[in-house]
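# Breakdown of the fold
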Amino acid sequence: MAPQCTDHLTLWDLGPQQLFVDFAGGQIVSDAGLLAVRALERPLRVIADLAEQLPDPRSPKFIHHSVEAILTQEVYALLAGYPDHNDADDLRNDPLFQILADVSPDPEQPLASGSTLARFQYAFTRRQAEVPLDERPVLLEVRAAQTQRLKVLNGYLPDLFIRTRTQAPTEIILDVDATDDPTHGAQALSGYHGYFRQHQYFPLHVYEGNTGFPLAAWLRPGTAHASLGAVDILRPIVARLRAAWPGVRILLRADNGLGVPAVYEFCEAEGLDYVIGYATNAVLERATAQALADVELYHHFYGRYEPHVQRFEEIRDYQAGTWPHPRRIIAKVEVTPSGSQRRFVVTNRPERPEDVYRRLYVLRGAVPEQPIGEMKNGLRCERLSSCGFCANALRLLVHALAYAVVVLFREASAGVAEVATASVGTLRQRLWKVGAVVVTSARRVWLHVSETWPYRGVWQRVHEAVRAFVASRLGCQRPGGGVVPVPAM
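Residues numbered from 1 in each chain as written. Predicted model: local features only at pLDDT ≥ 70, side-chain atom pairs only at ≥ 80, totals over all residues. Heavy atoms only, no water.

Once that is clear, we can look at the overall build of the chain. In terms of regular secondary structure, the chain is built from 17 helices and 16 strands. Taking the principal axes of its C-alpha atoms as reference, the chain extends roughly 80 × 70 × 45 Å. Counting only residues that meet the buried cut, the chain has 50% of its 489 residues in that class. For the chain, the proportion of contacts with a sequence separation of at least 24, taken over those separated by at least 6, is 63%. For the chain, the computed accessible surface area is about 23,600 Å², with 52% contributed by carbon and sulfur atoms. With 51 positive and 53 negative side-chain charges, the chain shows a separation of 3 Å between the mean positions of the two kinds. (Helix = DSSP H or I, 4+ residues; strand = E, 2+ residues; numbered from the N terminus. Buried < 20%, exposed > 50% of the residue type's maximum accessible area, 1.4 Å probe, protein only. Contact = heavy atoms within 4.5 Å. Areas by Shrake-Rupley, 256 points an atom, 1.4 Å probe, with all protein chains shown as cover. Lys, Arg positive; Asp, Glu negative; His and termini not counted. Charge placed at Lys NZ, Arg CZ, Asp CG, Glu CD.)

Spelled out as structure tokens, the structure:
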């Protein structure tokens with residue numbers, strides 16, 4: 001092989017020809033498909049409106065990147081598959097990400113570095129740098145900004161959901177679930193959880209069950225009970241939904257981790273329907289013993305033809321010791337080739353036991369299980385590697401904001417079959433990860449995509465659908481007053 005030069009690499013021979021690689025192809029980006037997402041998010045001001053609400057204790061004379069620019073950079077890095085702040089050091093000069101942040105492609109105008117993003121995550125400021133650390137009163141403002149950001153962002157998600165609806169829904173489903181978030185290192189408030197057998201955080205997620213839209217994402221210590229803070233998290237969400245749509249019917253759906261008296265009493269006091277999993281106990285097992293025996297006998301004789309047999313029972317007079325009155329219990333008695341099992345649900349819905357279980361409760365497999373899976377596998381929300389708890393909590397919420405953009409993108413593309421139900425990974429692989437040559441002039445910025453791109457037609461249809469979706473949402477009333485402005489397209 002010929003010696004390697006600094007401007008190119010010599011690889012192997014292709015017959016009589018030598019194979020060379022150089023880096024003189026011009027400005028080529030790899031995530032040009034994200035322009036369709038920005039064409040949706042930017043006119044709806046999803047990030048811009050949030051940026052106006054977040055407290056920022058930084059000194060103005062030291063600010064080079066606005067809150068909106070930082071949030072935009074973080075959200076689109078997550079969508080492109082770059083979940084760490086370290087990735088920002090490689091992407092800050094990428095022309096595509098500069099365009100997404102409304103910066104003209106120019107190496108002299110780099111985006112925020114990973115260190116800048118980390119400092120923003122902690123709400124750090126350089127003010128009073130000459131004062132000893134333990135004497136800086138600004139530290140109180142930093143702590144206030146850290147906690148206030150969590151409240152603002154969690155309050156912003158239901159507001160965003162409300163203002164992106166074109167008509168009032170008849171029913172809203174609040175899907176609540178806690179999920180494990182493994183930690184690696186000495187993150188604050190990380191703890192060992194015996195059930196999951198790992199050191200972790202234990203965040204609580206809330207999604208709207210019909211759309212999968214994220215409504216809250218609160219980080220909690222690793223040893224917290226699954227229901228910790230659930231009522232405090234749900235109360236402002238319900239208040240916002242009721243303020244926007246006074247007559248809407250709200251259903252709370254959760255597994256047995258939220259099966260505690262405080263949650264039942266909150267739902268009954270607020271007039272919410274609920275379908276919540278309930279842990280088995282000796283009283284319920286005795287109440288369903290005869291039903292289990294009947295199903296097992298039936299399966300013994302007819303299991304060859306019906307290997308999976310289910311029966312649903314209703315228990316109306318069950319009252320736990322901590323309950324002020326009896327509540328309705330739905331029991332699913334099931335026998336399969338693997339054995340028998342019983343599952344219980346507590347509810348105030350009047351439908352038949354079979355309908356409550358099959359048409360309401362088990363749909364949790366779609367929401368919240370799928371959104372949480374996409375948050376973890378598609379957007380890598382489990383990569384909370386900061387030392388500070390509030391910093392990690394804010395990072396989790398930025399992932400939730402990115403997922404809200406994904407949900408809106410799928411809603412806008414509902415008429416495009418290839419996109420309407422696609423996962424984050426599929427969207428990234430087929431639509432967002434596409435190379436383009438960037439050519440800039442005094443008056444234009446061109447992105448030249450390959451004319452043989454297999455998903456060219458799909459992307460063009462998505463872009464048209466996005467334009468129609470944005471037009472239908474412009475002028476919608478904002479929860480805090482005012483209307484969404486009509487931007488230049």
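Any two side chains of opposite charge can pair, on the condition that their charged atoms come close. Tallying each qualifying case throughout the model produces 34 salt bridges. E354 is the salt-bridge partner of R358, the closest N and O atoms lying 2.6 Å from each other. Here R358 and its partner E354 are both found in helix α12 (residues 353–359), 4 residues apart, which amounts to about one turn of the helix. Judged by its relative accessible area of 29%, E354 is partly exposed. Counted as one network, the salt bridges with shared partners bring together E171, R249, D273, R349 and E351. (Salt bridge = Lys/Arg side-chain N within 4 Å of Asp/Glu carboxyl O.)

Another point: the nonpolar core. In summary, soluble globular proteins display a tendency toward joint burial of nonpolar side chains. Membership of the largest hydrophobic core comes to 128 residues, with the highest contact counts inside it found for L79, L174, Y278, F409 and W432. The element that contributes the greatest number of residues to this core is helix α14 (residues 389–412), accounting for 17 residues. Discounting chain neighbours no more than four positions away, the residues touching F409 are A36, V37, L40, V419, L427, L431, W432, V462 and V466. (Core = buried A, V, L, I, M, F, W, Y, C linked by side-chain atoms within 4.5 Å.)

Before going further, it helps to examine the packing of helix α3 (residues 67–80) against α14. The geometry of α3 relative to α14 is characterised by a closest axis approach of 9 Å and an angle of 70° between their N-to-C directions. It follows that α3 is roughly perpendicular to α14 by the angle criterion. By crossing handedness, the relation of α3 to α14 is classed as right-handed. Two secondary-structure elements touch here, α3 through L71, E74, V75, L78 and L79 and α14 through R395, V398, H399, L401, A402, V405 and V406. Of the residues contributing to the contact of α3 with α14, the split by class is 9 nonpolar, 1 polar and 2 charged. (Axes fitted to C-alpha atoms, helices over the stretch in contact; angles between N-to-C directions. Parallel < 35°, antiparallel > 145°, perpendicular 65-115°, else oblique. Left-handed = near helix turned anticlockwise from the far one by under 90°. Nonpolar A, V, L, I, M, F, W, Y, C, P; charged D, E, K, R; others polar.)

With 6 of 8 residues buried, helix α2 (residues 46–53) is to be regarded as a mostly interior element. Within the sequence span of α2, burial applies to V46, I47, A48, D49, L50 and A51. Summarising the contacts, the buried residues of α2 are in contact with α1 (35–44), α3, α7 (138–163) and α14.

Right, let's talk about a nonpolar patch on the surface for a bit. Residues L297, Y298, F301, Y302 and Y305 make up a contiguous nonpolar surface patch of roughly 600 Å² in combined accessible area. Tracing the chain through its elements places Y305 in the loop between α11 (289–302) and β12 (309–318). (Patch = residues over 30% accessible without salt bridge, like charges linked within 9 Å, V, L, I, M, F, W, Y side chains within 5 Å.)

Let us look at the side chain of R473. One can find R473 in helix α17 (residues 456–473). Here R473 sits buried without a salt bridge, and the closest side chain of opposite charge, E411, lies 4.8 Å off (N-O distance). Engagement of the side chain of R473 in a polar contact is seen with the backbone oxygen of T164, the distance being 3.0 Å. Dropping the residues within four chain positions of it, R473 is found in contact with L44, T164 and T166. (Polar contact = N/O pair within 3.5 Å; in protein donor to acceptor, adjacent residues only side chain to side chain.)

The next subject is the sheet that holds strand β5 (residues 181–182). A sheet is described by the order of its strands in space; here 3 strands give the open sequence β5-β7-β6, paired in antiparallel fashion. Pairing within the sheet leaves two strands with one partner each, and these edge strands are β5 and β6 (191–193). As judged from the 3 bridges shared by β6 and strand β7 (residues 198–201), these two strands associate in the antiparallel manner. Directly across from H193, in β7, lies its bridge partner Q198. (Pairing = 2+ DSSP bridges.)

A few words now on the pairing of strand β15 (residues 436–440). Two strands pair when backbone bridges link them, and strand β3 (residues 28–29) and β15 are joined in this way by 2 bridges, in the antiparallel orientation. Paired with V29 across the strands is A436, a residue of β15. The pairing of β15 with strand β16 (residues 445–449) spans 5 bridges and is antiparallel. Following the sheet pairing, V437 is matched in β16 by H448. Here β15 hands over to β16 after 4 residues, the two strands then running antiparallel side by side.

The subject of this paragraph is the pairing of strand β13 (residues 327–336). Consecutive side chains along a regular strand alternate between the two faces of the sheet. The buried fraction of β13 amounts to 10 of the 10 residues, a majority that puts the element mostly inside the structure. Burial along β13 is two-sided: the residues R327, I329, A331, V333 and V335 and R328, I330, K332, E334 and T336 are all buried. Strand direction decides the pairing type here: β12 and β13, joined by 8 bridges, are antiparallel. Looking at β13, one finds that Y318 is bridged to R327.

Turning our attention to the state of the cysteines. One pass over the structure, following the stated rule, counts 0 disulfides. Just so you know, C381 is unpaired, no disulfide at all, and the nearest cysteine sulfur is the one on C390, 18 Å from it. Since its relative accessible area comes to 4%, C381 is described here as buried. (Disulfide = S-S within 2.5 Å.)

Predicted confidence across the chain gives a mean pLDDT of 92, with 95% of residues reaching 70 or more. pLDDT under 50 marks residues 1–5. Its contacts with residues more than four places away, or in other chains, come to 8 contacts. (pLDDT = per-residue confidence, 0-100.)

As for its placement among the helices and strands, G114 is situated in helix α6 (residues 114–122). Note on G114: relative accessible area 6%, which makes it buried. Along the primary structure G114 and D90 are separated by 24 residues, whereas in three dimensions their C-alpha atoms are 9.1 Å apart. Beyond its immediate stretch of four places on either side in the chain, G114 contacts H85, A88 and D89.

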